[in-house]
Amino acid sequence: MSAEGALMFARFAYPPDELGYAGAATATSMRMPGAIAEIERRARRFDGAWVHLEFLAEVLENDDPLSEEIVETYWIGSDLLYEVDSRTLVTRLEKKLVGQGEGVGGTWRHARARAMAHHSFQVYEVEPWAAQLRSGEQPRSAVSSLNGCRIRSGVVTDVDGEWVTATTQLLAWDGARMFEQAPGLERARWAVDGRTLMEKPPVVGDVVALHWDWVCGVLTMTQAMRIDALEAAQRAAVGLDGRPH
């Protein structure tokens, strides 16, 4: 198992794990140095992420779902996404996500032509929030959840202890479409109680990945552009840009 891939997974998975939205309710052990085996154990409990990682590894003939290239492909994106057949992915999800996507919920069952083993697909098509917006159900809550759960890029403008302030763009909903607001400031943690999964502290000017209210790591410009492009395409695919889908 790749230590680098496992730690990358932990950096992105820790925020919802800490909040109790996925996997275990706490993630203390994921912050401990050398806890690679524990990270793998917890990763298998992330139903949404793990099914995609396992699927990517199988299709791409990689025996390690936590290899760095597989983990990056799921959370950030890579050209490997286009080597995976979308219909086969939906068939796998039907076996693994029994009971999800019924009624007002995810749209993934109807996404055989566009399914992608990427976190943005999980956010917009497996989770119920996009469907809730279109149905008019709890729009404020749905927007808040989407903004937190989506991986988004930001630029660090200030570092204050274990927190950073970053410029990023949150989403808004006008009743018919979802759009990016003007760039604004957002506070996010990069460490807690002196512990961090980041390789080094962030500095002003770093382009970072944000998940809920956490910094998941420093991005290259190519990675940041890929995250933004994949998410925009996903919003369009489910009809949140105001156009029919």
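Our subject is the structure that appears above.
Residues numbered from 1 in each chain as written. Predicted model: local features only at pLDDT ≥ 70, side-chain atom pairs only at ≥ 80, totals over all residues. Heavy atoms only, no water.

Observations concerning unusual backbone geometry
Then, number 1: Of note in the backbone geometry, glutamate 61 takes a positive phi value of approximately 55° without being a glycine.
Then, number 2: Along the polypeptide, glutamate 61 turns up in the loop between helix H3 (47-59) and helix H4 (68-75).
Then, number 3: On the accessibility criterion, glutamate 61 (75% relative accessible area) is exposed.
Then, number 4: You will see that aspartate 193, though not glycine, has its phi angle at about 55°, which is positive.
Then, number 5: Judged by its relative accessible area of 67%, aspartate 193 is exposed. (Helix = DSSP H or I, 4+ residues; strand = E, 2+ residues; numbered from the N terminus. Buried < 20%, exposed > 50% of the residue type's maximum accessible area, 1.4 Å probe, protein only.)

Notes on the side chain of histidine 119
Then, number 1: With respect to the helices and strands, the residue histidine 119 is situated in helix H6 (residues 119-126).
Then, number 2: According to the relative accessible area criterion, histidine 119 is buried, its value standing at 5%.
Then, number 3: Once residues within four sequence positions are removed from consideration, histidine 119 is found in contact with Tyr74, Trp75, Cys149, Ile151 and His211. (Contact = heavy atoms within 4.5 Å.)

Some points on the packing of aromatic side chains
Then, number 1: For the structure shown, the criterion picks out three aromatic pairs.
Then, number 2: Residues phenylalanine 9 and tryptophan 75 carry aromatic rings whose centres are separated by 6.0 Å and whose planes lie at 55° to one another, so their mutual orientation is tilted. Of this pair, phenylalanine 9 sits in helix H1 (residues 3-19) while tryptophan 75 sits in helix H4, placing them 66 residues apart in sequence.
Then, number 3: Relative accessible area serves as the criterion here: at 0%, phenylalanine 9 is assigned to the buried category.
Then, number 4: Ring centres of phenylalanine 12 and tryptophan 75 lie 5.5 Å apart, and the angle between their planes is 15°; this geometry places the pair in the stacked category. Of this pair, phenylalanine 12 sits in helix H1 while tryptophan 75 sits in helix H4, and the two are 63 residues apart along the sequence. (Phe/Tyr/Trp six-rings, centres within 6.5 Å; stacked < 30°, edge-to-face > 60°.)

Observations regarding the environment of glutamine 223
Then, number 1: In this structure, glutamine 223 sits in helix H9 (residues 221-237).
Then, number 2: Here glutamine 223 falls in the buried class, since its relative accessible area comes to 15%.
Then, number 3: Placed 70 residues apart in sequence, glutamine 223 and serine 153 show a C-alpha to C-alpha distance of 9.0 Å.
Then, number 4: Looking at glutamine 223, its side chain comes within polar contact range of the side chain of glutamate 72, at 3.0 Å. (Polar contact = N/O pair within 3.5 Å; in protein donor to acceptor, adjacent residues only side chain to side chain.)

Worth remembering: the numbers are spatial, not functional.
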